[in-house]
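# Residue-level structure breakdown
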Amino acid sequence: MSKTIIAKAHTNIALVKYWGKKDPQLMLPQNGSISLTLDHFYTETSVKFEPTLTHDQVTFNGQRLTAAKAQRIITFLDLIRQKSGETNRAIVETRNHVPTSAGLASSASGFAALAAAGSRAAGLELSRSELSRLARRGSGSATRSIFGGFVEWHAGHDDASSFAEPLQDPVDWDIQMIAVVLQASKKPVSSTVGMQRVVETSPYYPAWVDTANQDLGAMRQAIANKDLTQVGTLAETNAMRMHALNLSAKPAFNYFTADTLTAINAVQNLRAHGINCYYTLDAGPNVKIICASTDTAVITTALQQYFAADQLIIAKPGPGISITEA
Ligand code: PMV
């Protein structure tokens with residue numbers, strides 16, 4: 001009898017970004033990356049393999065997905081079946097605990113939770129680093145969401161060597177992110193398409209790989225020193241270099257909206273007034289502000305000149321995955 005397994009995984013925001021694959025099949029990245037797992041945004045997923053089913057059944061936030069919409073999840077379940085010898089189809093129920101359509105990296109928490117629940121439901125007892133390798137096959141950023149706190153994903157050179165490890169967990173010093181949740185105004189370029197395009201067409205791509213590799217060492221040191229200024233400065237520079245790749249691709253693309261630039265300017269302005277805060281951005285318009293909790297009031301007050309209070313979500317360092325049996 002197959003069991004129903006439930007896994008909970010939190011999302012993470014990269015401080016040194018992953019933006020390009022060197023092996024799209026195995027999902028090996030061009031460079032390593034470092035992230036912070038957040039408490040506020042998570043995915044809960046249950047999986048049960050069921051002999052009576054003829055198709056995988058996937059429900060997302062209470063809504064049954066068509067086979068076309070569920071294709072990435074079904075492909076991932078096929079990988080689990082291939083690794084475990086499980087032959088049955090699965091019932092998958094997944095719920096994202098992120099503000100509605102916030103567009104906050106749900107593939108990271110989503111595939112981490114699916115890897116954990118799916119593999120256990122198929123009878124596999126994987127270690128955390130094996131789970132990280134499995135999650136990587138669903139979405140690169142999911143590699144890191146197996147772990148809490150600060151996490152590093154080692155680029156590696158094959159399936160066995162490309163996995164994440166915790167750098168610091170729990171995080172016992174004052175660092176947080178304020179997510180500025182903005183409306184996307186244009187058709188998004190998916191992260192898969194965007195990163196592929198920059199690898200193939202940006203003349204700056206080799207410089208990105210060089211500087212990202214340098215950022216990894218500096219970021220590890222800054223985290224070990226619990227140095228918010230260094231973590232923030234490195235993260236902000238790294239993020240803008242990633243977005244410069246997009247601007248230098250052919251054809252060029254970007255994820256910025258007018259509100260994105262307003263939020264970036266507000267952070268720069270706060271910093272000019274002595275507030276220790278920095279921004280980072282991913283494959284969407286939202287801005288994440290890296291700061292100490294002692295500056296929450298001054299930062300949110302300044303941002304509320306432009307944005308509603310409910311667009312500002314305060315997230316603290318969060319835990320790694322948890323797995324339970326229903
Ligand atoms: O793995 P994906 O497709 O979610 O790509 C993640 C890319 C970024 O979020 C922009 C950077 C990162 O390292 O998370």
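Residues numbered from 1 in each chain as written. Predicted model: local features only at pLDDT ≥ 70, side-chain atom pairs only at ≥ 80, totals over all residues. Heavy atoms only, no water.

### Here's the deal with the overall build of the chain
A count of helical and extended segments in the chain gives 8 helices and 14 strands. Rg of the C-alpha trace for the chain: 19 Å, near the compact-globule value of 20 Å for 326 residues, within the 12% margin. Projected onto its principal axes, the C-alpha positions of the chain cover 65 × 40 × 40 Å. A buried classification covers 54% of the 326 residues belonging to the chain. Partitioning the intrachain contacts of the chain with sequence separation of at least 6 by distance along the chain shows that 76% fall at a separation of at least 24. A total accessible area of about 13,900 Å² is found for the chain, and carbon and sulfur atoms account for 51% of it. (Helix = DSSP H or I, 4+ residues; strand = E, 2+ residues; numbered from the N terminus. Rg over C-alpha atoms; globule rule 2.2 N^0.38 Å. Buried < 20%, exposed > 50% of the residue type's maximum accessible area, 1.4 Å probe, protein only. Contact = heavy atoms within 4.5 Å. Areas by Shrake-Rupley, 256 points an atom, 1.4 Å probe, with all protein chains shown as cover.)

### Considering empty space enclosed by the protein
According to the stated counting rule, one finds 1 cavity of 30 Å³ or more in the structure shown. Considered as a void within the structure, the largest cavity measures approximately 30 Å³ in volume. In terms of lining residues, the largest cavity is bounded by Ala116, Ser119, Arg120, Leu124, Leu126, Leu131 and Ile323. With 3 residues, helix H2 (residues 106-121) is the largest single contributor of residues to the lining of the largest cavity. In terms of residue class, the lining of the largest cavity is built from 5 nonpolar, 1 polar and 1 charged. (1 Å grid on protein atoms, 1.4 Å probe; cavity = no way out; pocket = protein on both sides within 12 Å on 5 of 7 lines; lining within 4 Å. Points joined across faces, edges and corners; volume = space filled by probe spheres on them. Nonpolar A, V, L, I, M, F, W, Y, C, P; charged D, E, K, R; others polar.)

### Details of the packing of helix H1 (residues 71-84) against H2
Here H1 crosses H2 at 40°, and the two axes come no closer than 10 Å. Taken together, H1 and H2 sit at an angle that is classed as oblique. The two elements H1 and H2 meet at a crossing, and its hand is right-handed. Counting all contacts with H1, which are made through Arg72, Ile73, Phe76, Leu77 and Ile80, the residues of H2 involved are Phe111, Leu114, Ala115, Gly118 and Ser119. Of the residues that constitute the contact of H1 with H2, the class distribution is 7 nonpolar, 2 polar and 1 charged. (Axes fitted to C-alpha atoms, helices over the stretch in contact; angles between N-to-C directions. Parallel < 35°, antiparallel > 145°, perpendicular 65-115°, else oblique. Left-handed = near helix turned anticlockwise from the far one by under 90°.)

### Some thoughts on the domain arrangement of the chain
Accessible area lost on assembly of the parts is the figure often given for the size of an interface. When the domains of the chain are assigned, the result is domain 1 (5-172 + 319-325) and domain 2 (176-315). In this assembly, 28 residues from domain 1 lie in contact with 41 residues from domain 2. Counting the surface lost from both domain 1 and domain 2, the interface buries some 2,800 Å², and carbon and sulfur atoms represent 69% of this. The tally of links between domain 1 and domain 2 comes to 3 salt bridges. Across the pair glutamate 152 and arginine 220 runs a salt bridge whose closest N-O atoms are separated by 2.7 Å. The interface formed by domain 1 and domain 2 contains 10 residue pairs in polar contact (both at pLDDT 80 or more). Those elements giving two or more residues to the side of domain 1 that touches domain 2 turn out to be strand S1 (5-16), strand S4 (33-50), strand S8 (150-153) and strand S9 (164-168). (Domains from an automatic or database assignment. Buried area = accessible area lost by both parts, 1.4 Å probe. Salt bridge = Lys/Arg side-chain N within 4 Å of Asp/Glu carboxyl O. Polar contact = N/O pair within 3.5 Å; in protein donor to acceptor, adjacent residues only side chain to side chain.)

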